Amino acid sequence: MKYYSTNKKAPTATLEEAVIKGLAPDRGLYMPEHIQKLPATFFNQIEKLSFQEIAFEVSKAFFGGDIEIEALRNIVYETLSFDVPAIHIKDNIYSLELFHGPTLAFKDIGARFMARLLQHFIRREGQQQINVLVATSGDTGSAVANGFLGVNGIHVYVLYPKDKVSHIQESQFATLGQNITALEVDGVFDDCQAMIKQAFMDETLNHHMKLTSANSINVARFLPQAFYYFYAYAQLKRLGKADKLVISVPSGNFGNLCAGLFAYKMGLPVNRFIAANNANDVFFHYLRTGEYMPQPSKQTLANAMDVGNPSNFARIYTLFNGSHQAITELISGATYTDDMIRKTMQECYASTDYILDPHGACGYKALKEQLQPSETGLFLETAHPAKFKDKVDEILSTEIAIPEHLAAFMKGTKQSIPMDKQFETFKQFLMDT
Ligand SMILES: *Cc1c(COP(=O)(O)O)cnc(C)c1O
């Protein structure tokens, strides 16, 4: 399969090129040239298959032409070493819990898949070590670091702003050691991002070592997210609840929703989708008016969705040939203030005992408002509430337990290397390694 750029001004790329480059040279996002429909026989017996079996079938449609089948099977099976259960919440509403992976958020799935795919390319071609540079304001760093932890041939450098990430977040990437180096930068997130951007452009450095990024627009992180949409459908079909399925996706950069739309194009029977936003309502505005107007991002309670110019809008637009009508026929929007998110968490907890995290709360509320009685609603619960323990405890007046593997990170010793925000310091550090 070849990958083309959404800007259509770059040559098509192989899977390996698209994964290592991340962004196309014309700054567009890579898209697979074909979307293969899965056969009726697959959907007819999908409820009998395990998560890994389903994901392997779906992965063949994307990657089967570029990787040996057995290697692909191993990558999928190793990536999905945990369950993604659909849990009944109330009435016709279900939660798809995407937080049972190592860092308790859905980004684990894409990050683990990408790490194993890169490792496969390195082995196949006997290449030198690849170095992944990632800047983080919290969650991406932990998913990427843990996704790549212990993967031979790859070293990860996580740059994060000193005193600007929570203790829980820092413990998930700064205590790991092995092939993960955490650099604590005396600056803000934008400084970290700028240092990495400069590193990719620096000739001496790129001559010295092979660099790549692992940000969320990478096809190897984004496409595997389609797997759990199929598995969710299979679980609901087992319960006889899959006929009129509405999927509500808490959205920031829109990679998650976009993967669901790919699943739909592959034939997954979904009635419609809801894009649930916090106060960052650029997509909501697009649905209503047909105009896409990026905004500076606003800080909210659901901070992983604080995006004012969602990268994957370009993919959604391209997927529907720019047709506003086609997009609005399939996707409706929702936007919620912090106060509404708080009240939703309180209402859900009081009426069901289920603890939503602030992101999942947007997805849940959108279903409460927009679901018809004849439909089944599924919202994606994108992170475990314990990742936002301080806020959740305050909002619900609870003291929620920290899951065992999160607690284990917090017992680890911080191994970060302090660094100033000058690119030259960072460059010298990399040249010396
Ligand atoms: C990243 C993230 C989101 C947003 O996902 P996108 O794919 O960027 O739309 C939502 N919730 C949580 C917890 C996240 O970490």
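Residues numbered from 1 in each chain as written. Predicted model: local features only at pLDDT ≥ 70, side-chain atom pairs only at ≥ 80, totals over all residues. Heavy atoms only, no water.

Taking an unreviewed UniProt entry as the reference, the protein chain is identified by name as Threonine synthase belonging to Segatella oris C735. According to UniProt, the comment filed for the protein chain under the heading Cofactor (unreviewed entry) is "pyridoxal 5'-phosphate". Database annotation for the protein chain, UniProt heading Sequence similarities (unreviewed entry): "Belongs to the threonine synthase family." (UniProt positions renumbered as here; feature names shortened; annotations may be inferred.)

A.B. asks: What is the right way to look at the UniProt feature "modified residue: N6-(pyridoxal phosphate)lysine" (unreviewed entry) in the protein chain in this model?
C.D. replies: UniProt feature "modified residue: N6-(pyridoxal phosphate)lysine" (unreviewed entry): in the numbering of this structure it lies at K107. Every residue in contact with K107, bar those within four places of it in the chain, is listed here: T140, A143 and R221. (Contact = heavy atoms within 4.5 Å.)

A.B. asks: Sorry if this is basic, but what is going on with helix 20 (residues 423-431) here?
C.D. replies: Residues of helix 20 that are buried include every one of F423, F426, K427, F429 and L430, and no others. Along the long axis of helix 20, the arc covered by the buried residues comes to 160°, so they all point the same way. (Buried < 20%, exposed > 50% of the residue type's maximum accessible area, 1.4 Å probe, protein only. Helix = DSSP H or I, 4+ residues; strand = E, 2+ residues; numbered from the N terminus. Arc of directions from axis to C-beta.)

A.B. asks: Hey, could you run me through the sheet that holds strand 10 (residues 272-277) in this one?
C.D. replies: In a beta sheet, neighbouring strands are held together by backbone hydrogen bonds and run either parallel or antiparallel to one another. If you walk across this open sheet you meet the six strands as 3-4-12-9-10-11, and the pairing is mixed. Unpaired on one side and paired on the other, strand 3 (86-90) and strand 11 (331-335) mark the two borders of the sheet. Taken pair by pair, the neighbouring strands of this sheet meet at an average axis angle of 25°, ignoring direction. Pairing geometry for strand 9 (residues 245-250) and strand 10, over five bridges, is parallel. In the strand pairing of strand 10, I247 is matched with F273. On top of the sheet, helix 12 (residues 255-265) reaches strand 9, strand 10, strand 11 and strand 12 (376-381); it is set at about 175° to strand 10, its chief contact. In the packing of helix 13 (residues 282-289) onto the sheet, the strands contacted are strand 10 and strand 11, and the crossing angle to strand 11 comes to about 130°. (Pairing = 2+ DSSP bridges. Axes fitted to C-alpha atoms, helices over the stretch in contact; angles between N-to-C directions.)

A.B. asks: I'm lost on the domain arrangement of the protein chain in this one. Help?
C.D. replies: Many analyses report the size of an interface as the accessible area lost when the parts associate. What the domain assignment reports for the protein chain is domain 1 (83-104 + 221-396) and domain 2 (129-209 + 411-432). Centre-to-centre, using C-alpha coordinates, domain 1 lies 30 Å away from domain 2. Between domain 1 and domain 2, the residue contacts involve seven residues of the former and eight residues of the latter. For the pairing of domain 1 and domain 2, the buried interface totals around 610 Å² over both sides, and the portion due to carbon and sulfur atoms is 53%. Among the residues domain 1 hides against domain 2, the three largest losses belong to T103, R221 and K387. Together they make up 69% of the total. (Domains from an automatic or database assignment. Buried area = accessible area lost by both parts, 1.4 Å probe.)

A.B. asks: What exactly am I supposed to notice about the pattern of salt bridges here?
C.D. replies: When charged atoms on two side chains of opposite charge get close, those side chains can pair. Tallied over the entire structure, the rule returns 18 salt bridges. One salt bridge connects E47 with K237, and the closest N-O pair in it is separated by 2.9 Å. Residue E47 is found in the loop between helix 2 (40-44) and helix 3 (51-63), and its partner K237 is found in helix 11 (residues 227-238); the two are separated by 190 residues along the sequence. When its relative accessible area of 26% is taken as the criterion, K237 is described as partly exposed. Close ionic contact of K387 with D139 constitutes a salt bridge, the shortest N to O distance being 3.3 Å. (Salt bridge = Lys/Arg side-chain N within 4 Å of Asp/Glu carboxyl O.)

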